[in-house]
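Below are the chains, spelled out letter by letter.
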Amino acid sequence: MRHSVWCPRRNHILMINDAVPRRPQTLSHSASPSNIRRYSSSLPSCSNSPQFNHLLTTSSSPSPEKWDIQTSPLNHFLSLLQGNHPFNLDDAWNAYQLLIASDDYQHLKPLDVLNFAQKLSTAIEAGGEDNGVSYLQRWGTRLAALNERLESTFEKHSSEDVMRLKLVARGSAFVGDLDHAIITTHELSDLLFDGRREELLEIYGTLIRSMALHQDGEHVLDFILAEWANIGMHLLPLSTRLQSLGIPVKPSSFQDTIYSILANIPDAASLLAKRRHWSSETRQRIGVLLLDVLWQETLAEDAYALLKEMRAQRMSIQVDMQLRVVRSLVRADSFIRANELYRTISESTSTRHKFFISTGMLLAAHQGDIDRTEEYYSQLDTARWITSQDRATLMHAYAVAGRVGKVVELFHEFFSGPKNSRVGAKPSIVHYSIVVYAHAERADYDGLNFWLQAMSKAGHTPDIYVYSIILKSFAARGEVESVSAVLDQMRAAKIMPTRVLYTTVISLLAHRKDPVSAEAIYKRALREGIAPDRKMITSLMNAHVEAGSWTGVVRVFDYLKSSRNPRLRLSVEVYNTLLKAYVLIGAPFQVVSTIFRKLEAMGIQPNGRMYTLIIQSACDAGYMNIANRIFAEMQSASKDWQTTYRVDAFVLTIIMAGHLRLGDKRSAKAVYDDMCERGIQPTSATFYHILRAYGNERTEESLQIAEGFLKTIMAGESSASWIPPQTRAAALEHVHGPLMLAYAKTDKPEEVERLFQSMLDAGGEPSLASLAVLLDAYRRSGDIEAVHGLWPQIWQLALRLSKTDSLFYGEDNTPSDPTKRQGNLLLCAPLSIYIDALSAAGEHFVIAEMWGKARSHGFSFDSHNWNHLAVALVRAAEPERAFEIVERVLLPYQRQSEAVLRDRGLFPNSLFTFDTKPADVSKPVSQSPMHRSERRAYQSKMATKRSGDALEMDPTSDDFAHPLHILHQISPSWNVWRPHRAVLVLLSGVLRHLESGMFVQPMGDRSSAPQALNPDSDDAFTRGNLAREMLDRIYLNYPDTIHAIRLHERWIARKSSLTTQDDGW
């Protein structure tokens, strides 16, 4: 069978070949240690329940008259018990109720009732977890009724009586009468022995699942400890059981049930800490059991915390169990803790067995640490412990490090050529996948296609890992259509996308600033049975951050914080995403710094990303001394992380840019030199800030220096060192953008065109940002024909970037529906430029047409668009509509931000922010400083001034999202959503013009030229009357706008007065 994998260089598809007498309370089985709690709930025994008789008599069965005369109630009932007949709970119970009400009931045999009760019990349990406690209570009570009818029917302790006792235990567990269930289970333990212990485990499994639903995981743990003599051996780690029994042991469904329940204990480390006063044997049992649970359930961070607590209590922990935690941390990309734990293990034991060395190799390889990986590989080779998996690990190290050639060389060395003397040594799909991964990371699609073909020829069918590699590669390039094709091909091959792949897609949508589609793809994952983890939810939170959807950020954080699911516990990655939101919204440095220090005090270990965010906030505020102190603190802390992380170009670029923004070129140059001395390759972002600093000076000399610098970094092989293959287009735009913008502002469109073409020739691609700069250059030079020629390209690109339909193929609702989209700001910047160019050229009808077209396609408008539209309306001789925009759009939204809503729901039952009702794309959307440091710095000052003490956190509070909840309401909407000064000045001029009796003429119209009118003429009189009537309507209909204009006029007069006094007058 041939399989197709979407792996294009450019969109190319590659083909790849009752009640029972209670037992005396003196039974030894029911004795429990004093520290074990009781398990009974407050529910009454089923036989005494007031619902008992009601449930027996209530039935929705059809009347006997409706039955076919040939089918008696008994025959119908017995037919449902046949093995080949589908068993439906409601149908079976209704049939039984009908039988009870008929004369046939006297012919029903006890064994048939027992068989019915057994089938009923099995079906009840199958639906218990999905339907909850009320379901179990309802059906458990019905099962108990059947058990009571069978009491004393069979010979005591016969096989039938044993089956009835098992049903009694299950029924009691279903209704929550856990004490009765436990007593009955103990009775069964005396009857089920030797080869029937598995039946006993099934009863324990039912009891434990019901206990988890009626109570919680901690109660289950206490019960397991009390029942350890009966079930403990089945819960020990597999390696321990192997040593005890001397035979291979496999995981059982019983163990899986227990482990999945215990994994939901919110904080295993804290639980163990609270039980320090218990006996060492019991604590050891708890620790080993929960550590194995957390490792098996891939809860790496929880396993690490529990391991530390076990060490603090001086418990004995097998080295291999600790090494498994290291491997779990590696899979979770938690390298700081993985390195720390591996180092601790190395120092505490002299053991250097195969598993120890291969774990160290795995840890080093996943960090791209080639030297350490080679060292461990050499140790394994010397001891002759090398396996196929170890060769894959060595190859993976070079793939992570970007050494594609070495990966291919190792593949050939291991699996082909004369050196390969190993019998049957053939590369597995794992080895091929690593080579594919290496090429995908370098965006080498020719090489990727070649190795996919080689894998196919070797008889390997692409698995989920191969698809994951290809999908991540396209996601890094922002290719939505290609990502969609990969997902479609996976589903066609019956390979369903995993949580990891959905996380990748959400991250892609976050990069596109599309939280609406991110939420939609998250919902699709839920419908497909995906259980989201913290990383997937954090990616959704980041989608809100990138789009400035601050309500969404707060909601997702509150959802994670209030969750009791260990998989969703807050981690450093979640806190980093929250801190990123604070930085991008322009939060005062004091707020960011306070949160950072509080997190440290809570025991959250900052990583490089967290330090970088704090440094960014300090630089935005202009606190360069503080930024440098935090940088020194970061360098010191990084020495203890034992990772390959070193100070990188990202953090040094932030510090350099901070100095450049303050005009301190000398300090900025010192940082750049330090970067080079450390052997750190500057990135396109580094060059961007340098070129931007020179470009902003706009002098001939500074522009020449910038041009020379650009030629230097683009020359020959030097460009290859700083241009990442996956993001080449973005890197080229980074370095060409500053000069293009500088030339645009100096009215040199031909220079902008030259640089734009140079970027394309180097392998760049047009983006909305670069096309907007070119459009602005044409606007400034008055070249309306060039504006018209360029706009269709901008429009089509914006449409393509806003479409995500392919990701939702087959879905009823698509977030690309223009009536359901909110906050699509892709077109805002170029649209403002286009409106201004058209209005200046007198093409007013084109503006109205384009505004309606953009609205119908779901594009939102920001404050700048509305301000430009107001200006365009004045130029089109429609001043009343301009006043209406200020009155109905700009001022209301500005006032809306004045009312700060202090309260919020701290325990949201859903993390979704957007609903499916139609969204008004004309409604003003939230804006923020985001990635412009100057705007963030200004916003920080304004937020500090306006917020007062509202942003201060209670020293005892852990509500780290409270300041953001306040900030997103007072900032930046208060500052951004307002009529621009230029608009107020223009409208003030309109008022004076109308007051003088002059009518507003459209720009570009020949009649707009001043004309001498005879004061006594009828034409002058008519125009004067029309002007006064319009003025009266404006004063009547737009009072708030008039007030804003008067306030602005007084502000200008006061400012002018102060300037005059400063001049000595």
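Residues numbered from 1 in each chain as written. Predicted model: local features only at pLDDT ≥ 70, side-chain atom pairs only at ≥ 80, totals over all residues. Heavy atoms only, no water.

## Focus: the overall build of the protein
Counting secondary structure elements, the protein contains 51 helices and 2 strands. Evaluated residue by residue, the protein yields a buried proportion of 52% over its 1065 residues. With an accessible surface of roughly 49300 Å², the protein has 51% of that area assigned to carbon and sulfur atoms. (Helix = DSSP H or I, 4+ residues; strand = E, 2+ residues; numbered from the N terminus. Buried < 20%, exposed > 50% of the residue type's maximum accessible area, 1.4 Å probe, protein only. Areas by Shrake-Rupley, 256 points an atom, 1.4 Å probe, with all protein chains shown as cover.)

## A closer look at helix 14 (residues 280-296)
The end-to-end C-alpha distance of helix 14, which contains 17 residues, comes to 24 Å, matching closely the 24 Å that a straight helix rising 1.5 Å per residue would cover. Taken together, the buried positions of helix 14 are Thr 282, Arg 283, Ile 286, Gly 287, Val 288, Leu 289, Leu 290, Leu 291, Asp 292, Val 293 and Leu 294. (Expected span 1.5 Å × (residues − 1).)

## Some thoughts on a negative patch on the surface
Among the surface-exposed residues, Glu 750, Glu 753, Asp 783 and Glu 785 lie close enough to one another that they form a single negatively charged patch. Here Glu 753 shows up in helix 39 (residues 749-761). (Patch = residues over 30% accessible without salt bridge, like charges linked within 9 Å, V, L, I, M, F, W, Y side chains within 5 Å. Salt bridge = Lys/Arg side-chain N within 4 Å of Asp/Glu carboxyl O. Lys, Arg positive; Asp, Glu negative; His and termini not counted. Charge placed at Lys NZ, Arg CZ, Asp CG, Glu CD.)

## Comments concerning the nonpolar core
Ile 224, Leu 262 and Ile 615 are the most contacted members of the largest nonpolar core, which totals 281 residues. Other than its neighbours up to four places away in sequence, Ile 224 contacts Ile 208, Ile 231, Leu 235, Ile 258, Leu 262 and Leu 289. Judged by nonpolar contacts, the second largest core, of 27 residues, contains Trp 93, Ala 95, Leu 114 and Leu 136. (Core = buried A, V, L, I, M, F, W, Y, C linked by side-chain atoms within 4.5 Å. Contact = heavy atoms within 4.5 Å.)

## Remarks on the environment of Phe 650
Inspection of the secondary structure assignment puts Phe 650 in helix 34 (residues 649-661). For Phe 650, a relative accessible area of 44% translates into the label partly exposed. Considering only alpha carbons, one finds Phe 650 and Pro 682, 32 residues apart in sequence, at a separation of 8.5 Å.

## So, the pattern of salt bridges
The full count for this structure, using the stated rule, is 39 salt bridges. Notably, a salt bridge pairs Glu 633 with Arg 597, separated by 3.1 Å at the nearest N-O pair. Placement of the pair is Glu 633 in helix 33 (residues 624-638) and Arg 597 in helix 31 (residues 589-601), with a sequence separation of 36 residues. Under the relative-accessibility criterion, Glu 633 is labelled partly exposed at 26%. The class for Arg 597 is partly exposed, based on a relative accessible area of 35%. Via salt bridges that share partners, Asp 776, Arg 779, Arg 780, Asp 836 and Arg 875 belong to a single interconnected network.

## So, the packing of helix 18 (residues 354-365) against helix 19 (residues 370-382)
It is at 8 Å that the axes of helix 18 and helix 19 come closest, and there the two elements cross at 160 degrees. Comparing the axis directions of helix 18 and helix 19 gives the class roughly antiparallel. Regarding helix 18 and helix 19, the two cross each other, and that crossing is left-handed. From helix 18, Lys 354, Ile 357, Ser 358, Gly 360, Met 361, Leu 363, Ala 364 and Ala 365 reach across to helix 19, where they touch Arg 372, Thr 373, Tyr 376, Tyr 377, Gln 379 and Leu 380. Its residues placed into classes, the contact of helix 18 with helix 19 shows 8 nonpolar, 4 polar and 2 charged. (Axes fitted to C-alpha atoms, helices over the stretch in contact; angles between N-to-C directions. Parallel < 35°, antiparallel > 145°, perpendicular 65-115°, else oblique. Left-handed = near helix turned anticlockwise from the far one by under 90°. Nonpolar A, V, L, I, M, F, W, Y, C, P; charged D, E, K, R; others polar.)

## Quick look at the packing of aromatic side chains
When we look at a pair of aromatic rings, we describe it by the centre distance and by the angle of the planes. In total, this model carries 29 aromatic pairs according to the counting rule given. Aromatic side chains Tyr 204 and Phe 223 sit 6.1 Å apart centroid to centroid with 40 degrees between the ring planes, which places their arrangement in the tilted category. With Tyr 204 in helix 8 (residues 197-214) and Phe 223 in helix 9 (residues 217-226), this pair connects stretches of sequence that are 19 residues apart. Here Tyr 204 matches Phe 223 in class, with each residue buried. Taken together, a centroid distance of 6.3 Å and an interplanar angle of 35 degrees make the contact between Tyr 377 and Phe 414 tilted. Separated by 37 residues along the polypeptide, Tyr 377 in helix 19 and Phe 414 in helix 21 (residues 404-415) bring together distant segments of the chain. Both residues of the pair, Tyr 377 and Phe 414, belong to the buried class. What links up through ring pairs into an aromatic cluster is the set Tyr 377, Phe 411, Phe 414, Phe 415, Tyr 432, Phe 450 and Trp 451. The ring of Trp 295 has Arg 324 sitting right over it, with the charged end atom 5.1 Å from the ring centre. Here the basic side chain of Lys 523 rests over the ring of Phe 912, its NZ or CZ set 4.8 Å away from the ring centre. (Phe/Tyr/Trp six-rings, centres within 6.5 Å; stacked < 30°, edge-to-face > 60°. Lys NZ or Arg CZ within 6 Å of the ring centre and 35° of its normal.)

## As for helix 25 (residues 480-492)
The terminal C-alpha atoms of helix 25, which comprises 13 residues, lie 18 Å apart, in line with the 18 Å expected from a rise of 1.5 Å per residue. For helix 25, the buried fraction is high: 10 of the 13 residues fall into the buried class. Remark: Lys 494 follows helix 25 within two positions and exhibits a positive phi of approximately 65 degrees.

## Structural notes on the packing of helix 31 against helix 33
At their nearest, the axes of helix 31 and helix 33 sit 14 Å apart, and the two run at 20 degrees to each other. Put simply, helix 31 runs roughly parallel to helix 33. Note on packing geometry: the crossing formed by helix 31 with helix 33 is left-handed. Contact with helix 31, carried on its side by Phe 589, Phe 596, Arg 597 and Glu 600, involves Ile 626, Ile 630 and Glu 633 of helix 33 and no other residues of that element. In terms of residue class, the contact of helix 31 with helix 33 is built from 4 nonpolar, no polar and 3 charged.

## Thoughts on unusual backbone geometry
Positive phi outside glycine occurs at Arg 314, with the angle close to 55 degrees. The topology assignment puts Arg 314 in the loop between helix 15 (300-312) and helix 16 (319-331). In this structure Arg 314 comes out as exposed when scored by relative accessible area, which is 78%.

## Observations concerning a nonpolar patch on the surface
On the surface, a nonpolar cluster with roughly 240 Å² of combined accessible area is contributed by Val 985, Trp 1051 and Ile 1052. Take Trp 1051: its relative accessible area is 30%, and that puts it in the partly exposed class.

## A look at the environment of Leu 660
Inspection of the secondary structure assignment puts Leu 660 in helix 34. The exposure class assigned to Leu 660 is buried, which follows from its relative accessible area of 17%. Residues contacting Leu 660, with those up to four places away along its chain left out, are Lys 665, Ala 668, His 689, Ile 690 and Ala 693.

## Description of the side chain of Glu 546
In this fold, Glu 546 is placed in helix 28 (residues 534-547). In this structure Glu 546 comes out as buried when scored by relative accessible area, which is 11%. Polar contacts involving the side chain of Glu 546 include one to the side chain of Lys 580, which spans 2.5 Å. The residues touching Glu 546, leaving out its near neighbours within four places in the chain, are Ala 510, Lys 513, Lys 580, Met 930 and His 931. (Polar contact = N/O pair within 3.5 Å; in protein donor to acceptor, adjacent residues only side chain to side chain.)

## Describing the environment of Val 1000
Secondary-structure assignment places Val 1000 in the loop between helix 49 (981-995) and helix 50 (1018-1037). What makes Val 1000 buried here is its relative accessible area of 11%. Sequence separation of Val 1000 and Glu 878 is 122 residues, and the distance between their C-alpha atoms is 7.9 Å. Among all residues touching Val 1000, those that are not within four sequence positions of it are Val 874, Ala 877, Pro 879, Val 990, His 993 and Leu 994.

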